[in-house]
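Structure assessment
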Amino acid sequence: MATLKTIKELGDIRGKKVLLRVDFNVPISKTDGKTITDDGRIRAELPTIKELLAAGASVIIMTHLGRPKPQSAFEVESEFSLAPVAKRLNELLNVSVEFATDTVGEDARNKVEMLKSGQILLLENLRFNQAETSKDALQRAEFAQKLADMADIFVSDGFGVVHRKHTSVYDVAKLLPAVSGKLVQKEVEALSKVMDNPGRPLTVVLGGSKVSDKLGVIVNLLKIADNILVGGGMAYTFLAVLGYEIGTSLLEADQIETVKGYIQQAKERNIKLLLPADVVVAKEFPASETGDAELEGVFVSDAIPADKMGLDIGPETRKQFAQVIENSKTVIWNGPAGVFEKSAYAGGTSAIATALVHAKLKGAFTVIGGGDSAAAVRILDNCETGKPFSEDDFSHISTGGGASLEFLEGIALPGIEVLSE
Ligand code: ADP
Ligand code: MG
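Below is a short write-up of the structure. (Residues numbered from 1 in each chain as written. Chains lettered and ligands numbered in written order. Predicted model: local features only at pLDDT ≥ 70, side-chain atom pairs only at ≥ 80, totals over all residues. Heavy atoms only, no water.)

Moving on: the sheet that holds strand S3 (residues 97-99). The pairing of strands in a sheet happens through backbone hydrogen bonds and is either parallel or antiparallel. Strand order in the open sheet formed by 6 strands is S3-S4-S2-S1-S5-S6, and the pairing between neighbours is parallel. This sheet does not close on itself; its edge strands, each paired only once, are S3 and strand S6 (178-180). The mean angle between the axes of side-by-side strands here comes to 25°, regardless of whether they run parallel or antiparallel. Relative to strand S4 (residues 120-122), S3 runs parallel, the two sharing 3 bridges. Directly across from Val97, in S4, lies its bridge partner Ile120. (Pairing = 2+ DSSP bridges. Helix = DSSP H or I, 4+ residues; strand = E, 2+ residues; numbered from the N terminus. Axes fitted to C-alpha atoms, helices over the stretch in contact; angles between N-to-C directions.)

Near ligand 1 lie 19 residues; those nearest to it are Lys214, Asn334, Glu341, Asp372 and Ser373. Backbone polar atom of Gly233 to a nitrogen atom of ligand 1: 3.3 Å apart, as the coordinates give it. Measuring from an oxygen atom of ligand 1, one finds a side-chain N or O atom of Ser373 at 2.5 Å. Bound to the protein, ligand 1 loses 86% of the 580 Å² it would expose on its own. At the level of elements, strand S12 (309-313) and helix H13 (371-379) are the ones that each hand at least two residues to the shell around ligand 1. Within the shell around ligand 1, the residues separate by chemical class into 5 nonpolar, 11 polar and 3 charged. (Near = heavy atom within 4 Å. Polar contact = N/O pair within 3.5 Å; in protein donor to acceptor, adjacent residues only side chain to side chain. Areas by Shrake-Rupley, 256 points an atom, 1.4 Å probe, with all protein chains shown as cover. Nonpolar A, V, L, I, M, F, W, Y, C, P; charged D, E, K, R; others polar.)

Of all 8 residues in helix H14 (residues 401-408), 6 are buried, a share of seventy percent or more. Within H14, the full set of buried residues consists of Gly401, Ala403, Ser404, Leu405, Phe407 and Leu408. Next to the buried residues of H14 lie helix H7 (182-196), helix H8 (215-221), strand S13 (330-334), strand S14 (365-369) and H13. Looking at the residues trailing H14, positive phi occurs at Gly410, about 80°. (Buried < 20%, exposed > 50% of the residue type's maximum accessible area, 1.4 Å probe, protein only. Contact = heavy atoms within 4.5 Å.)

The subject of this paragraph is the packing of H7 against H14. At their nearest, the axes of H7 and H14 sit 10 Å apart, and the two run at 30° to each other. With respect to H14, the element H7 is oriented roughly parallel. Every pair of crossing elements has a handedness; the one defined by H7 and H14 is right-handed. On H14, the residues touching Val188, Leu191, Ser192 and Met195 of H7 are Ser404, Phe407 and Leu408. Split into classes, the residues belonging to the contact of H7 with H14 amount to 5 nonpolar, 2 polar and no charged. (Parallel < 35°, antiparallel > 145°, perpendicular 65-115°, else oblique. Left-handed = near helix turned anticlockwise from the far one by under 90°.)

Another point: the sheet that holds strand S8 (residues 227-230). Here 6 strands make up an open sheet; going across it, the order is S9-S8-S7-S13-S14-S15 and the pairing parallel. Unpaired on one side and paired on the other, strand S9 (272-274) and strand S15 (396-397) mark the two borders of the sheet. Contacting strand S7 (202-206), S13 and S14, helix H12 (residues 347-361) runs over the sheet at an angle of about 160° to S13. H13 rests against S13, S14 and S15 of the sheet, and its axis sits at about 110° to S14.

This is the structure in structure tokens:
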């Protein structure tokens, strides 16, 4: 991966207008439609905004929020309005944040006109314009031109969207001097480090719901891993290949042949492949908040009762996985080990996160990729201390779910490629 140009390399940007693409696609409370329930993505962006302001630029921030379905060229759906985000950003920065009720319309253009060095303007939701995500390159180019006309420089810092060939990510970058922000820099650096030049042994921890969601990731990581540990829902298709009774656990029958191939490749490449030795089961997919009522016990993984479903890795598996993780120099983790959303099946995921903490303390570089995996370490507690995990417990927690997966697949990301052109 080519090194990306930074803001510093732009030289003097005093008085310049910077168009900054960020990922402020934050969760907003369904009850009141305005409370931001997790502002992590806004906080993660503050260093870049501060750097631009300190350099004397004015900053025009653009992002999408949710998936509004515009019928016409620009349509406001208030549930997807960025007004609450402008307010939150204002509180976090202690700098007044102007808000435009459109993106390239009259309000935005007027406010851009008035914008002075050190000031911030947030544009309304990019996806109110259908041109933002259009497959029609001409339509995107037209929208891109209007966005570019408002600024002197483009800074790409929405890592969560760099895998998308959207107007504000890709097309705009071709029209202005374009560099990456601090967040994109940090993401690309961390992910490139584990993929291109990892300290060894390199351990890959996989989980999540389906094998079929992760085929590309598995294929690519099979090329570089020393150890692969498989938990989560995808583990049961692996266990089925071994001929185990997996009860009613998640099975993707159409992936059996593919998984057979993975097991074969791991053998040929001398990769240590660990599957769950034991699992925590339930009678059915947990319906209650805690899942406790459905908790049916722990079984060795080749003797899961026919009417039971595996929802987490068991204690013996946690021990085996932790031992491999703690003796690694690099750990890439994607996919929760169980249904961590329910506390009765969160133990395996906490145990893996806790093992990553130990590995880092022993000098390993640890990376968490994937939206749910990153969410898990924000929700769960360290299973030894009983305290929440902190950002510093891991070398890098990726902010881009889909983008980090595509990175791990080894796919070129359009929003990154366009910056190195
Ligand atoms: P990521 O977003 O980190 O890539 P995924 O989206 O692949 O992760 O998977 C996350 C989901 O996998 C979670 O919602 C979790 O409940 C589910 N999951 C984990 N283990 C199991 C299991 N044994 N059976 C069913 N679903 C599971
Ligand atoms: Mg997910």
